[in-house]
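Letter by letter, the chains look like this.
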Amino acid sequence: MISLSLHTARDHIAQARRVAVLTGAGISAESGIPTFRDTSSGLWAKFDPVKLASEDGFRADPPLVWRWYAWRRGLVGAAQPNAGHLALAAAQARFDAFELITQNVDGLHARAGSAPIELHGNLMRTVCLARCGFMEDDPLLLPVGEPPRCPACGDWLRPGVVWFGEMLDVATLQQAQAVAARCDVLLVIGTSGLVYPAAGLPAEALRRGAKVIVVNPQASELDELATVVVRGTAAVEVPKLLAAEE
Ligand code: OAD
């Protein structure tokens, strides 16, 4: 049976020395960034991930894919971190360890003051399709073109995010797995729990003896394994969960 309780979740956090956090698109929903799988507003309800988020899709129509990512960069650039991002950044100092892993590519955790492990890359990063080593984190410094050409080798430049069919960076994934394995509490915020390997981190934390707290306004794949589920939105519930004891 699923245990639902903000109070119990707060107790688990209060007793923890090492806290880990795994976030998904839901943490940024209240900043106005669409999630992927919401049935009406989610990106994958409106756009085809095979065309827009795979290497084959990019090779079929590089300008189309480049413009879609430029549109997403614009959305993110106009958005602000919300109370959920800010509460996570503010909580860092209160624990022996407070380590944040995100599946998001929007950079809002960093803008709130956290230094997340970014499992799926970052929208603002651009890399060379041929993986020649070129990388640029400031879109304003890119050569002109849609998409621009790599100044080092002349191939296309592409967004520095993980696409369908691609492996995660091995060192980044290992870092995230180590964080999940050594925490007392893993706080899982705003993810459907459908995309692996990220979705496997809560089970790994649980196996190593951690408590797993899920924050989500809707049912997720991770509810069944959670120690406790907080049924609400990130910007409302995360500040309550992490508020210092009076
Ligand atoms: P999804 O779109 O799959 O799931 C978003 C989750 O956020 C859902 O469970 C929602 O119920 C929840 N949610 C919605 N609003 C919320 C709010 N205000 N507060 C808290 N939770 C809320 O997004 P992810 O699980 O992040 O991968 O998706 C995982 C990966 O799939 C993404 O990183 C992306 C996508 O394809 C890549 O691009 C590689």
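Our subject is the structure that appears above.
Let me begin by describing the structure that accompanies this report. (Residues numbered from 1 in each chain as written. Predicted model: local features only at pLDDT ≥ 70, side-chain atom pairs only at ≥ 80, totals over all residues. Heavy atoms only, no water.)

Let's talk about the packing of helix α6 (residues 83-91) against helix α10 (residues 234-242)
At a closest axis distance of 7 Å, the pairing of α6 and α10 adopts a crossing angle of 20 degrees. Put simply, α6 runs roughly parallel to α10. Regarding α6 and α10, the two cross each other, and that crossing is left-handed. Residues Ala 83, Gly 84, Ala 87, Leu 88 and Ala 91 of α6 form the contact with α10, whose own contacting residues are Ala 234, Ala 235, Val 238, Pro 239 and Leu 242. For the contact of α6 with α10, a count of residues per class yields 9 nonpolar, 1 polar and no charged. (Axes fitted to C-alpha atoms, helices over the stretch in contact; angles between N-to-C directions. Helix = DSSP H or I, 4+ residues; strand = E, 2+ residues; numbered from the N terminus. Parallel < 35°, antiparallel > 145°, perpendicular 65-115°, else oblique. Left-handed = near helix turned anticlockwise from the far one by under 90°. Contact = heavy atoms within 4.5 Å. Nonpolar A, V, L, I, M, F, W, Y, C, P; charged D, E, K, R; others polar.)

Thoughts on the side chain of Asn 82
Along the chain, Asn 82 falls in the loop between α5 (62-78) and α6. In terms of polar contacts, Asn 82 uses its side chain to reach the backbone carbonyl oxygen of Ile 27, at 2.8 Å. Asn 82 has contacts with Ile 27, Ser 28, Glu 30, Ser 31 and Ala 235, leaving out every residue within four places of it along the chain. (Polar contact = N/O pair within 3.5 Å; in protein donor to acceptor, adjacent residues only side chain to side chain.)

Looking at the side chain of Ser 54
Position of Ser 54 relative to the elements: it lies in the loop between α3 (49-52) and α4 (55-60). Relative accessible area serves as the criterion here: at 9%, Ser 54 is assigned to the buried category. Of note is the side chain of Ser 54, whose polar atom sits 3.0 Å from the backbone nitrogen of Gly 57. Ignoring sequence-local partners within four residues, the contact set of Ser 54 consists of Pro 49, Trp 163 and Phe 164. (Buried < 20%, exposed > 50% of the residue type's maximum accessible area, 1.4 Å probe, protein only.)

So, the site of the ligand
If you check the shell around the ligand, you find 22 residues, and the closest are Ala 25, Arg 37, Thr 191, Ser 192 and Asn 216. Arg 37 is positioned such that a nitrogen or oxygen atom in its side chain is 2.7 Å from an oxygen atom of the ligand. When the free accessible area of the ligand is taken as 800 Å², the share hidden by the protein chains comes to 90%. Of the residues belonging to the shell around the ligand, the class tally is 9 nonpolar, 11 polar and 2 charged. (Near = heavy atom within 4 Å. Areas by Shrake-Rupley, 256 points an atom, 1.4 Å probe, with all protein chains shown as cover.)

Concerning the nonpolar core
Counting residues in each nonpolar core, the largest one holds 23 residues, and the members touching the most others are Leu 88, Leu 187, Ile 189 and Leu 242. Contributions of two or more residues to this core are made by α1 (6-15), β1 (18-23), α6, β2 (97-102), β7 (185-189), β8 (211-215), β9 (228-230) and α10. The greatest single-element share of this core, amounting to 4 residues, is contributed by α10. (Core = buried A, V, L, I, M, F, W, Y, C linked by side-chain atoms within 4.5 Å.)

Section: α5
Since the α-helix turns once every 3.6 residues, residues separated by three or four places project in the same direction. In this model α5 runs 25 Å from its N-terminal to its C-terminal C-alpha over 17 residues, within 8% of the 24 Å that 1.5 Å per residue would give. Among the residues of α5, those classed as buried are Pro 62, Val 65, Trp 66, Trp 68, Tyr 69, Arg 72, Arg 73 and Val 76. Summarising the axial view, the buried residues of α5 lie within an arc of 160 degrees, below the 170-degree limit, and thus occupy one face. (Expected span 1.5 Å × (residues − 1). Arc of directions from axis to C-beta.)

Considering the pairing of strand β4 (residues 121-128)
Buried residues dominate β4, accounting for 6 of its 8 residues. Where β4 meets strand β6 (residues 157-161), 4 bridges bridge the pair, whose relative direction is antiparallel. Residue Gly 121 lies in a different strand from β6, and its bridge partner there is Val 161. Looking at chain direction, β4 and strand β5 (residues 135-136) are connected through 2 bridges and run antiparallel. Note on β5: the bridge partner recorded for Val 127 is Met 135. Hairpin connection from β4 to β5: 6 residues lie between these consecutive antiparallel strands, with Arg 131 at a positive phi of about 55 degrees. (Pairing = 2+ DSSP bridges.)

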